[in-house]
Protein chains: 2
Amino acid sequence: MKSIKLFCPATVANLSCGFDVLGLCLDNVGDEMIIHKTNEPGVRITKIVGADLPLEAEKNVAGVAALSMLSQWQTDFGFDIEIHKKIKAGSGIGSSAASAAGAVFGINELLGKPFEPKDLVWFAGWGEHAASGSYHADNVAPALLGGFTLVRGYNPLDVIKIDSPPDLFVAVIHPQIEVKTAEARAVLKKEVPLKAAIAQWGNVGGLVAGLYTHDYELIGRCLHDGVAEPYRKALIPGFDETKKTAMAHGALGAGISGSGPSIFALCKGLSTAEKVADAMSDIYETIGLPYHRHVSPVNPDGVKILEQQ
Amino acid sequence: MKSIKLFCPATVANLSCGFDVLGLCLDNVGDEMIIHKTNEPGVRITKIVGADLPLEAEKNVAGVAALSMLSQWQTDFGFDIEIHKKIKAGSGIGSSAASAAGAVFGINELLGKPFEPKDLVWFAGWGEHAASGSYHADNVAPALLGGFTLVRGYNPLDVIKIDSPPDLFVAVIHPQIEVKTAEARAVLKKEVPLKAAIAQWGNVGGLVAGLYTHDYELIGRCLHDGVAEPYRKALIPGFDETKKTAMAHGALGAGISGSGPSIFALCKGLSTAEKVADAMSDIYETIGLPYHRHVSPVNPDGVKILEQQ
């Protein structure tokens, strides 16, 4: 194989109750990436379409993730990476994770798959480290493994993939404002009241149970966030009304995607997800804030190969 | 049916990562209870063998639980309850929960089962309220439903039962010291560092996943407690050494049962559980502290009917 073209999916992290541990993979929202094997060793970002991001591999999320992987696998050839960004940076649906995940997935394919998917999550996490200054895997894990993922811990990295119930769909509204991850981190408290923490881990346990048993109502009951949402929602105009509208139109639950500003809703059935996305869109029409609207099944597999030769 | 004789099982709450939400049911450790239908309305505790507990129904855990249920179901007859306590009060393996669970289970049978098992958990929780001053269901839920249980929340009560993987066994050591629940509560911090809280809900999610997928290693990796154990272990002489020994002898994980002083270890296979229980016993032999030792499968069903007529 000399080159590979990939779909690099967007992802929704946290999922209300699972701050820093849970995530899911979207199926029809994502970047495209083309990676060519070249005679020249090393990694080069040759082209980025749709975003103003650094071309130097050492400063680019995809480049850093790729170099992290290649530090564990010596080759006498190299890779040219071309990125077509469709996920907006700072949207809260895993833009940097998509690039990091695509780079390690694609190069692994071109190397003949020496690494397991869970190794790829580890390498891609270093791309996230380059983007945000802290190592985290709650977006790269679902981008690479698909379905729902739980990052249980980091020492060592322990990631559990959970398949999605078949009839679960995701509605996402991305209001076009900037919420910097650093700012969204800064508003959080460093301590959580024990009572709120107990509710949170009860909900994480319940959500995982609901996913295994395909209990959509239980999944909905678990989508509460007493840790980040109470503080972060102030950064997102129209959040309360949007969430309320999503619930009124039949969403199982709704909350902030990652550190925002995107808002996600989980829904049973495509038609409900479409209705919920329309209703959430109406809020931003009324506010007069530009937005992107997405409706997607849960992507069962993560990064997809579009072409290879 | 005029009378019923029951086995009322002991239970292990918290399970390291799941403070206040998780529990499991033991299979061969428990009280016996005999309930007779009588012509005289009301609930009477006619006899308690093996413990010095109040006979007035309104002050007795079993009585309070029974009265809570009967406030929702009028009868022109009543019930005499005889309790043979085998679980020591204050042991940390759900002594009061066993009595509360037995009373509501037995009376429900004698009434012709008007209530669902999850209703019974709610009523039994009021027995726990009488015992400790706070409503909680993390012992009565596994005592009534069997297996593992997750109390997701209380408004309204939301309890999820998870079947145990078949090869999971529990070793329990009960050092004969008194740890008052109130004291064990008092040593806890009212706030949890966000980092410790994240680790805790990652572990709860992982443990639930491990139970559904029968992944014994994953179950073991999740048995950590950064919230209660660091403070409560000081109340239990020999805790660190006992836990270390349990792990060295092959336990998947070990921790404080409920609020202590009992120490539990989850093990794959009966022979490992026996070895672990022996090794934990040796610690208390050396310390010179009297103890009880239990090895049990996970009870799949909760309270059992021994006789009825």
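Quick caveat: nothing in here was measured; it's all calculated off a predicted structure.

## Some words on the interface of chain B and chain A
Residue-level contacts link 33 residues of chain B with 33 residues of chain A. For the chain B face of the interface with chain A, the top three residues by lost area are R152, L194 and W201 of chain B, together amounting to 28%. Viewed at the interface, chain A and chain B are joined by two salt bridges. Between D158 of chain A and R221 of chain B there is a salt bridge whose closest N-O contact spans 2.6 Å. Breaking the side of chain B that touches chain A down by element, the ones donating at least two residues are β5 (148-154), β6 (157-162), β8 (191-193), α6 (194-213) and α7 (216-222) of chain B. The element contributing the most residues to the side of chain B that touches chain A is α6 of chain B, with 14 residues. Grouping the amino acids of the side of chain B that touches chain A by side-chain chemistry returns 19 nonpolar, seven polar and seven charged. Note that strand β8 (residues 191-193) of chain A and β8 of chain B share three bridges and pair antiparallel. If you follow V192 of chain A over to β8 of chain B, its bridge partner there is V192 of chain B.

## Examining the sheet that holds strand β7 (residues 168-175) of chain B
Residues and elements named next belong to chain B. Read across the open sheet, the four strands follow the order β9-β10-β7-β11; overall the sheet is antiparallel. Edge strands, defined here as strands with exactly one partner in the open sheet, are β9 (253-256) and β11 (291-297). Across this sheet, the average inter-strand angle for adjacent strands is 15°, counted without regard to direction. Relative to strand β10 (residues 263-268), β9 runs antiparallel, the two sharing four bridges. Of the residues in β10, the one forming a bridge with I256 is I263. Strand contacts of helix α9 (residues 239-248): β9 and β10, with the helix running at about 160° to β9, the strand carrying the most contacts.

## Details of the environment of G112 of chain A
Tracing the backbone through its elements, the reader meets G112 of chain A in the loop between α2 (95-110) and α3 (117-132). Here the alpha-carbon distance between G112 of chain A and M1 of chain A, two residues 111 residues apart in the chain, equals 8.5 Å.

## Focus: the state of the cysteines
Residues and elements named next belong to chain B. Going through the model one piece at a time under the given rule, you end up with zero disulfides over all chains. Here C8 stays free of any disulfide, with the sulfur of C25 as its closest cysteine sulfur at 10 Å. We classify C8 as buried; its relative accessible area is 1%. The cysteine C222 is free of any disulfide, with C17 supplying the nearest cysteine sulfur at 6.2 Å.

## Some details on the packing of helix α1 (residues 61-70) of chain A against α2 of chain A
Residues and elements named next belong to chain A. One can describe the packing of α1 onto α2 by two numbers: an axis separation of 8 Å at closest approach and a directional angle of 40°. In the packing of α1 onto α2, the handedness of the crossing is right-handed. Listed contacts from α2 to V61, A62, A65, A66, M69 and L70 of α1 are S96, S99, A100, A103, V104, I107 and N108. Counted by class, the contact of α1 with α2 contains 10 nonpolar, three polar and no charged residues.

## Quick word on the pattern of salt bridges
All names here are of chain A. Going through the model one piece at a time under the given rule, you end up with 36 salt bridges over all chains. Taking the shortest distance from any N to any O, the salt bridge between E82 and K47 comes out at 3.9 Å. Residue E82 is found in strand β4 (residues 78-84), and its partner K47 is found in strand β3 (residues 42-49); the two are separated by 35 residues along the sequence. The partly exposed category is assigned to K47, whose relative accessible area is 40%. The salt bridge involving E274 is made with R293; its shortest N-O contact spans 2.7 Å. Taken together, the positions of E274 in helix α10 (residues 270-287) and R293 in strand β11 (residues 291-297) put the pair 19 residues apart, joining distant regions of the chain.

## Overview of the domain arrangement of chain A
Note on interface size: it is often stated as the accessible area lost on association of the parts. Residues and elements named next belong to chain A. Domain annotation for chain A reports domain 1 (3-163 + 299-308) and domain 2 (168-297). The centre of domain 1, based on its C-alpha atoms, is set 24 Å off from the matching centre of domain 2. Taken residue by residue, the interface counts 28 residues in domain 1 and 37 residues in domain 2. Buried surface at the junction of domain 1 and domain 2, summed over both partners, amounts to about 2,400 Å²; 65% is from carbon and sulfur atoms. Among the residues domain 1 hides against domain 2, the three largest losses belong to S16, C17 and F19. Together they make up 26% of the total. Scanning the region where domain 1 abuts domain 2 turns up one salt bridge. When the shortest N-O distance is used, the salt bridge between R185 and D20 registers 2.7 Å. Taken together, the links from domain 1 to domain 2 amount to 12 residue pairs in polar contact (both at pLDDT 80 or more). Take the side of domain 1 that touches domain 2: its biggest share by element is seven residues, from strand β2 (residues 22-38). A breakdown of the residues in the side of domain 1 that touches domain 2 according to their chemical character gives 14 nonpolar, nine polar and five charged.

## Description of the environment of L266 of chain B
All names here are of chain B. Relative to the helices and strands, L266 is located in strand β10. Judged by its relative accessible area of 0%, L266 is buried. Along the primary structure L266 and A254 are separated by 12 residues, whereas in three dimensions their C-alpha atoms are 6.3 Å apart. Ignoring anything within four residues of it in the chain, the contact list for L266 reads L24, F148, L168, F169, V170, I219, L223, A251, L252 and G253.

## Here's the deal with unusual backbone geometry
All names here are of chain B. Of note, the bond from N155 into P156 is cis; its omega dihedral lies within 30 degrees of zero at 0°. The residue after G260, namely P261, is reached through a cis peptide bond having omega 5°. At L15, a position not held by glycine, the phi torsion is positive, near 50°. Secondary-structure assignment places L15 in the loop between β1 (3-13) and β2 (22-38). In this structure, S16 takes a positive phi of about 65° despite not being glycine. Relative to the helices and strands, S16 resides in the loop between β1 and β2.

## Thoughts on the side chain of S95 of chain A
Residues and elements named next belong to chain A. Its place among the elements puts S95 in helix α2. Overall, the relative accessible area of 9% leaves S95 in the buried class. Reaching out from S95, the side chain makes a polar contact with the backbone oxygen of I87 at a distance of 3.1 Å. Excluding anything up to four places from it in sequence, S95 contacts D31, K85, I87, K88 and A89.

## Observations concerning the relation of the copies chain B and chain A
Taken as rigid bodies, chain B and chain A are interconverted by a rotation of 180° and an axial shift of 0.0 Å, the fit giving an RMSD of 0.0 Å. Viewed as a symmetry operation, the transformation between the two copies matches a two-fold axis. Mapped onto chain A, 100% of the interface residues of chain B again fall at the interface, so both copies present the same surface.

## A look at the sheet that holds strand β7 (residues 168-175) of chain A
Residues and elements named next belong to chain A. Spatial strand order, β9-β10-β7-β11: four strands in an open sheet with antiparallel pairing. With partners counted over all chains shown, the strands left at the sheet margins are β9 (253-256) and β11, one partner each. Looking at each pair of strands side by side, their axes are set apart by 15° on average, direction ignored. Where β7 lies against β11, seven bridges are found, and the strand directions are antiparallel. Its bridge partner being in β11, I173 is matched across the sheet by R293.

Rules and cut-offs
- Residues numbered from 1 in each chain as written.
- Chains lettered and ligands numbered in written order.
- Predicted model: local features only at pLDDT ≥ 70, side-chain atom pairs only at ≥ 80, totals over all residues.
- Heavy atoms only, no water.
- Contact = heavy atoms within 4.5 Å.
- Buried area = accessible area lost by both parts, 1.4 Å probe.
- Salt bridge = Lys/Arg side-chain N within 4 Å of Asp/Glu carboxyl O.
- Helix = DSSP H or I, 4+ residues; strand = E, 2+ residues; numbered from the N terminus.
- Nonpolar A, V, L, I, M, F, W, Y, C, P; charged D, E, K, R; others polar.
- Pairing = 2+ DSSP bridges.
- Axes fitted to C-alpha atoms, helices over the stretch in contact; angles between N-to-C directions.
- Disulfide = S-S within 2.5 Å.
- Buried < 20%, exposed > 50% of the residue type's maximum accessible area, 1.4 Å probe, protein only.
- Left-handed = near helix turned anticlockwise from the far one by under 90°.
- Domains from an automatic or database assignment.
- Polar contact = N/O pair within 3.5 Å; in protein donor to acceptor, adjacent residues only side chain to side chain.
- Least-squares fit on C-alpha atoms with pLDDT ≥ 70 in both.

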